Amino acid sequence: MASSISTVPHRAGLGHRLWQSRIDYLFLVPGMVIFGLFILYPLFASQWFSLLNWSGFDANQAFVGFANYAELLQDKYFWDAFARSFIFTLSTVPAQMAVSLVFAIILNNKLLRMSALFRTLIFLPVVTPVAIIGIVMTIMLSPFNGPVNIGLLDAGLINRAIDFLGDPNLVLWTLAGIFVWKWVGVTMVYWLAALQTVPAELYEAAKLDGVKGWQVTFFIVLPMITPFAIVIALISAIGALNVFPLIQSMTQGGPYFASEVMEVYIFRNAFATLNGAVPRLGYASAAGVFFGLAIMVLTILQIFAVRYLRSREKPNGA
Amino acid sequence: MKRITSAGMSRRSFLVGSTALGAVALSGIVPSLAQEFSIAEPIAPLEADGPFRWIDSGDQKAVFYKAFFKKYGEDRGIEVVYDGLPWNEINTVLPLGVRNNTAQDAFCLPLNLPPAFAVKEGWVQPLDDYIPDLAAWKEGFPAGAFLEGINEFDGKTYGLPYTSARVTSAHVLFNRQYMQDAGFDPETTPLDWDTFRESARKITENSKGRAYGLIMGGAQVNRWADITRTLAQMAGRACGDTSIGTGIDFRTGELVFDSDEFVGAVELLLALNADGSIFPGIMGLNAPQARALVPQGAAGMILQGPWNIPQWERENPDFDFGIAPPPAPAGTTGTYVIAGSLASSANTMFINAKAKNPQIAADVFHYLGTEQGQTDWGNVVGPSDPPIFPAAQANSTMSERSKAALAMFQDVIRIGPNPFARNPALSEVAKAYVEPTPSLAQTVQGLFTGQASGIKEQLTTLKSATNTALDAAFKAAKDGGADVSRDELVFANWQPERDYVGADYKAL
């Protein structure tokens, strides 16, 4: 009995274990410092700022509690921007995922010639600076000699030029289309990575069983990569909520707020006030924190969705 | 919107030109100018503590400073670091720098920040200890350049008011050939609202889809306010243009957004749009992009500032264009565009209270406040940010067209009252003021696109919301201990037809 007790390994204290691994932790320090400076500090600072009536200019930071949040709740333009952000996300993410999945499935076919070239072409907009895309697209979509309008007119699809960026009913959808075009390459890469997880044996077995190509995709491949879809959707959604450079470079949220999403709203209040008004960094921070919380709720929902899907995958009783 | 054609201006030229100029607008790239500067001996012994650092809002100013500081640094044997940043970056970087003691030796204030605030907070220090015989040096400036509450506080001089604010951002620049073909000559007979509209319509009609009468940077929302206010002022509704004075008729202290003149100005813009005379796609253009399209023949007219002139002359030397005053209604005479001060407040430079090299900053300030420095400035910067010395405007080598623009501004622009010069404590009101949404600019943009309707109703709503916001700001300032009153926005002795000068403030 005594001998069996003596075989239980002695568990060292936390301090001792930390000391033992001090070199490992030392290597973590630079990363932790950067994380603290550029992630943690802004995160907590913005929450503090949201409780202040502060322009960002001066040292006078009047604590106002939740007054900024109370004002936000009554701000029509805040809610409009809030809604637009989610409309933008809900429209771009499915489109981006669907189009990129099609590209990925086609380009995953090893028999396809020049697939590397096509992948590169589809990925090219991803590495193109947003500001350049903004300028080029403004020219492309111009109702005055813009190539897109000329093409549509020449094809007889329209009989008058469309003001894609000036029509309040079209502008958000136009920006969504450009956004999808720009980022579809990244999502395609995610899907291609997911497709690598499908065992080659499954394709061979399906071939031996006489399963047709589209059936392989729908009944074998898609179920296998569905769990990845949740993660890809989350990454794409976060991307779609970070659309500030594109909109600022193309419409600055206009015309008359028609493309003002949350980031543009926050920027306008924090930095881009007009006619001599002093900016409101505290108020803009409150909007940012509120929006961040909303995204966090979405993320938590996503976690539950992943867990639910995984639980369905497990065999009964497992 | 009509079926468009590619005749006249080719798609290729449109794309090439727009892309190139758009890129220029984005990057702030400007050609360097070989420039000779006449830099006098230092005003005092200079000993640099690290590099001398200067920050302002760049643009055409950067062209001057990059060339000037190169020579200045060589002459004085010091290293100079110049930063020309966009306003939104200055608004962020500078306050942080002041708080962290890393701000530049010389800086302009963040846009919209009243100088009284910077003095009160200890951001800046007076020039008095650094510029010898300061009074004599200041005498070289035109009357009204230095004002208590603007750049002087408690008898000390803080700011360098070296560029003139007698500039409008919404005068007419036009394609002479298009205008001649339309049967108008604005340089001989300035356009009124009727001929402005008619000329735009005829230019559009004559071009058969190749060009339009008027172009604007509609995506740059402040342009809507600038143009509307200028048109309304030319119609006779004199009012302030900045901060808590925006839209206020200082004779009564009342807001005038819903006046007939403002309503008429918006109606004019909508009428031009209804005529089909405005370039399609302006909502996707900012001001520099709109500017770039005019020399390419895409539009006959643009309402912008004189900074277009040197740029077009430099980049499009074959483009034949003219300038004219902002249009006024037919039969209107003796109306003026009102500027908030004689010196541009945005360009006014200050010395950091904790500057490592304050004497060098003062040395540069002194040079810029001499006739030689002002002339050198005018030679490079031209009418964009014109020198404040009238002699320098006349003697500089800027083009005749640029000088004509500055002469025109003498005729159509008057300096109005500045509330901060009356009571510096009003800066506390400015700090507390929350501009209503939608603002004047946003309201006009919404009316133009049809997202808002009812011009009079919308402008009345704007007036009411602005009044509420002003009252709230005054209350907040008073609650904070500031001795202010809304009555201080009433300047009963203001006559818009003449400049409001120091003696007028004293007579209140």
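Right above here is the structure, for reference.
Residues numbered from 1 in each chain as written. Chains lettered and ligands numbered in written order. Predicted model: local features only at pLDDT ≥ 70, side-chain atom pairs only at ≥ 80, totals over all residues. Heavy atoms only, no water.

**Student:** Can you help me understand the overall build of chain B in this one?
**Tutor:** Scanning chain B from terminus to terminus reveals 20 helices and 16 strands. Its C-alpha radius of gyration of 23 Å places chain B within 12% of the 23 Å reference for a compact globule of 508 residues. Principal-axis analysis of the C-alpha atoms places the extent of chain B at approximately 65 × 55 × 40 Å. Counting the 508 residues in chain B, one finds 60% classified as buried. Sequence separation of at least 24 residues holds for 75% of the intrachain contacts in chain B that already meet a minimum separation of 6. As displayed, chain B offers around 18,800 Å² of accessible surface, 49% of which is attributable to carbon and sulfur atoms. For chain B, the distance from the average position of its 41 positive side-chain charges to the average position of its 57 negative side-chain charges is 6 Å. (Helix = DSSP H or I, 4+ residues; strand = E, 2+ residues; numbered from the N terminus. Rg over C-alpha atoms; globule rule 2.2 N^0.38 Å. Buried < 20%, exposed > 50% of the residue type's maximum accessible area, 1.4 Å probe, protein only. Contact = heavy atoms within 4.5 Å. Areas by Shrake-Rupley, 256 points an atom, 1.4 Å probe, with all protein chains shown as cover. Lys, Arg positive; Asp, Glu negative; His and termini not counted. Charge placed at Lys NZ, Arg CZ, Asp CG, Glu CD.)

**Student:** So what exactly am I meant to see when it comes to the interface of chain B and chain A here?
**Tutor:** Accessible area lost upon the coming together of the parts is a frequently used measure of interface size. Across the contact, 65 residues belong to chain B and 43 residues belong to chain A. Taken together, both faces of the contact between chain B and chain A bury some 4,600 Å²; the carbon and sulfur share is 61%. Counting across the chain B and chain A interface gives 3 residue pairs in polar contact (both at pLDDT 80 or more). Residue assignment for the side of chain B that touches chain A shows that the elements contributing at least two residues are helix H1 (11–27), helix H3 (87–100), helix H8 (222–234), helix H17 (426–432) and helix H18 (440–449) of chain B. In terms of residue count, H1(B) provides more of the side of chain B that touches chain A than any other element does, 8 residues in total. Taken together, the residues of the side of chain B that touches chain A break down into 29 nonpolar, 27 polar and 9 charged. (Buried area = accessible area lost by both parts, 1.4 Å probe. Polar contact = N/O pair within 3.5 Å; in protein donor to acceptor, adjacent residues only side chain to side chain. Nonpolar A, V, L, I, M, F, W, Y, C, P; charged D, E, K, R; others polar.)

**Student:** Could you clarify how one ought to interpret the packing of helix H5 (residues 76–107) of chain A against helix H11 (residues 213–240) of chain A in this entry?
**Tutor:** A pair of packed helices is characterised by two quantities: the angle between their axes and the separation of those axes. All names here are of chain A. Contact pair H5 / H11: the axes reach a minimum separation of 10 Å and the direction vectors enclose 140 degrees. With respect to H11, the axis of H5 lies oblique. Where H5 crosses over H11, the handedness of that crossing is right-handed. The residues of H11 that touch H5, namely those facing Phe88, Thr89, Thr92, Val93, Gln96, Met97, Leu101 and Ile105, are Thr217, Leu222, Ile225, Ala229, Ile232, Ala233, Ser236, Ala237 and Ala240. Among the residues forming the contact of H5 with H11, the class breakdown is 12 nonpolar, 5 polar and no charged. (Axes fitted to C-alpha atoms, helices over the stretch in contact; angles between N-to-C directions. Parallel < 35°, antiparallel > 145°, perpendicular 65-115°, else oblique. Left-handed = near helix turned anticlockwise from the far one by under 90°.)

**Student:** Would you mind showing me how to read the packing of helix H7 (residues 130–140) of chain A against helix H9 (residues 171–195) of chain A here?
**Tutor:** Residues and elements named next belong to chain A. Remark: H7 packs on H9, axes separated minimally by 12 Å, with the N-to-C direction vectors making an angle of 135 degrees. As judged from the angle between their axes, H7 and H9 are oblique. Regarding H7 and H9, the two cross each other, and that crossing is right-handed. In contact with Val130, Ile133 and Met137 of H7, H9 contributes Ile178, Trp181 and Lys182. Counted by class, the contact of H7 with H9 contains 5 nonpolar, no polar and 1 charged residues.

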